[in-house]
Amino acid sequence: QARLVESGGGLVRPGGSLRLSCTASGFTLDYYAIGWFRQAPGKEREGVSCTKGSDGSTYYADSVKGRFTISRDNAKNTVYLQMNSLKPEDTAVYYCATVTISGTIATMAAFGSWGLGTQVTVSS
């Protein structure tokens, strides 16, 4: 069965960096739009970033623009989320999924099953 697995989370100090990975098994990522979401305790799940497989377009939530970069390595069947200048408010469980998107990050919607995610904690 097709699935996506997130990895790369951990504990980092404010201002630090992490790189998350989203690796596919059972299918190839090349032509799929892949999005990153996050959910903090007591808060709703929110879209963070997206990359389209068709034209390479990228999208970011306002809260992470200039700090996060999404990319893909099709040879490794993996999408990455490079997170720099991390803030405590970035603390959340991060998930990836195949998505649809229509122009803005607010329209991003996942389809298929959710994985377990990877925990990112930003604290001094």
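Note that the structure is a prediction, hence the values are computed from the model and not measured.

**Quick look at the overall build of the protein chain**
So, point 1. When helices and strands are tallied, the protein chain shows zero helices and eleven strands.
So, point 2. Of the regular secondary structure in the protein chain, the N- to C-terminal order runs β-β-β-β-β-β-β-β-β-β-β.
So, point 3. Computed over its C-alpha atoms, the radius of gyration of the protein chain comes to 13 Å, within 12% of the 14 Å expected for a compact globule of 124 residues.
So, point 4. Overall, the protein chain is about 40 × 30 × 25 Å in size when its C-alpha atoms are taken along their principal axes.
So, point 5. Per-residue burial for the protein chain yields a buried fraction of 42% across its 124 residues.
So, point 6. Across the protein chain, every contact between residues at least 6 apart in sequence was considered, and the portion connecting residues at least 24 apart equals 58%.
So, point 7. For the protein chain, the exposed surface amounts to about 6500 Å²; the carbon and sulfur share of it is 48%.
So, point 8. Here the protein chain contributes 12 positively and 9 negatively charged side chains, and the mean placements of these two sets differ by 4 Å.

**Thoughts on the pairing of strand S7 (residues 68–73)**
So, point 1. With six bridges joining them, S7 and strand S8 (residues 78–83) adopt antiparallel strand pairing. By the bridge assignment for S8, Arg72 is matched with Val79.

**A short note on the state of the cysteines**
Two cysteines form a disulfide when their sulfur atoms are joined by a covalent bond.
So, point 1. One pass over the full model with this rule turns up one disulfide.
So, point 2. Between the sulfur atoms of Cys22 and its disulfide partner Cys96 the distance amounts to 2.1 Å. Here Cys22 and Cys96 share a disulfide; its torsion about the S-S bond, 80°, makes the bridge right-handed. Of this pair, Cys22 sits in strand S3 (residues 18–25) while Cys96 sits in strand S9 (residues 92–100), placing them 74 residues apart in sequence.
So, point 3. Assessed through its relative accessible area of 0%, Cys22 is described here as buried.
So, point 4. Assessed through its relative accessible area of 1%, Cys96 is described here as buried.
So, point 5. In this model Cys50 remains outside any disulfide bridge; the closest cysteine sulfur is found in Cys22, 11 Å from its own.
So, point 6. With a relative accessible area of 0%, Cys50 lands in the buried category.

**What to know about the packing of aromatic side chains**
So, point 1. Tallied over the entire structure, the rule returns one aromatic pair.
So, point 2. Ring plane angle 75° and centroid distance 5.3 Å describe the contact between Phe27 and Tyr32, whose orientation is recorded as edge-to-face.
So, point 3. A relative accessible area of 36% places Tyr32 in the partly exposed class.
So, point 4. Positioned over the ring face of Tyr80 is Arg19, at 4.3 Å from the centre of the ring.

**Some thoughts on the sheet that holds S7**
So, point 1. Spatial strand order, S1-S3-S8-S7: four strands in an open sheet with antiparallel pairing. Whereas interior strands pair on both sides, the edge strands pair on one side only; in this sheet they are strand S1 (3–7) and S7. Strand after strand, the sheet turns through a mean of 20° between neighbouring axes, direction not considered.
So, point 2. As paired elements, S1 and S3 share five bridges and run antiparallel to each other. Residue pairing for S3: Val5 is matched across the bridge by Thr23.

**Quick word on the pattern of salt bridges**
So, point 1. Counted by the stated rule, this structure contains four salt bridges.
So, point 2. For Arg38, the salt bridge identified is with Asp90, shortest N-O distance 2.9 Å. In this pair, Arg38 is assigned in strand S4 (residues 34–39) and Asp90 in the loop between S8 and S9, connecting sequence segments 52 residues apart. Both residues of the pair, Arg38 and Asp90, belong to the buried class.

Conventions and cut-offs
Residues numbered from 1 in each chain as written. Predicted model: local features only at pLDDT ≥ 70, side-chain atom pairs only at ≥ 80, totals over all residues. Heavy atoms only, no water. Helix = DSSP H or I, 4+ residues; strand = E, 2+ residues; numbered from the N terminus. Rg over C-alpha atoms; globule rule 2.2 N^0.38 Å. Buried < 20%, exposed > 50% of the residue type's maximum accessible area, 1.4 Å probe, protein only. Contact = heavy atoms within 4.5 Å. Areas by Shrake-Rupley, 256 points an atom, 1.4 Å probe, with all protein chains shown as cover. Lys, Arg positive; Asp, Glu negative; His and termini not counted. Charge placed at Lys NZ, Arg CZ, Asp CG, Glu CD. Pairing = 2+ DSSP bridges. Disulfide = S-S within 2.5 Å. Phe/Tyr/Trp six-rings, centres within 6.5 Å; stacked < 30°, edge-to-face > 60°. Lys NZ or Arg CZ within 6 Å of the ring centre and 35° of its normal. Axes fitted to C-alpha atoms, helices over the stretch in contact; angles between N-to-C directions. Salt bridge = Lys/Arg side-chain N within 4 Å of Asp/Glu carboxyl O.

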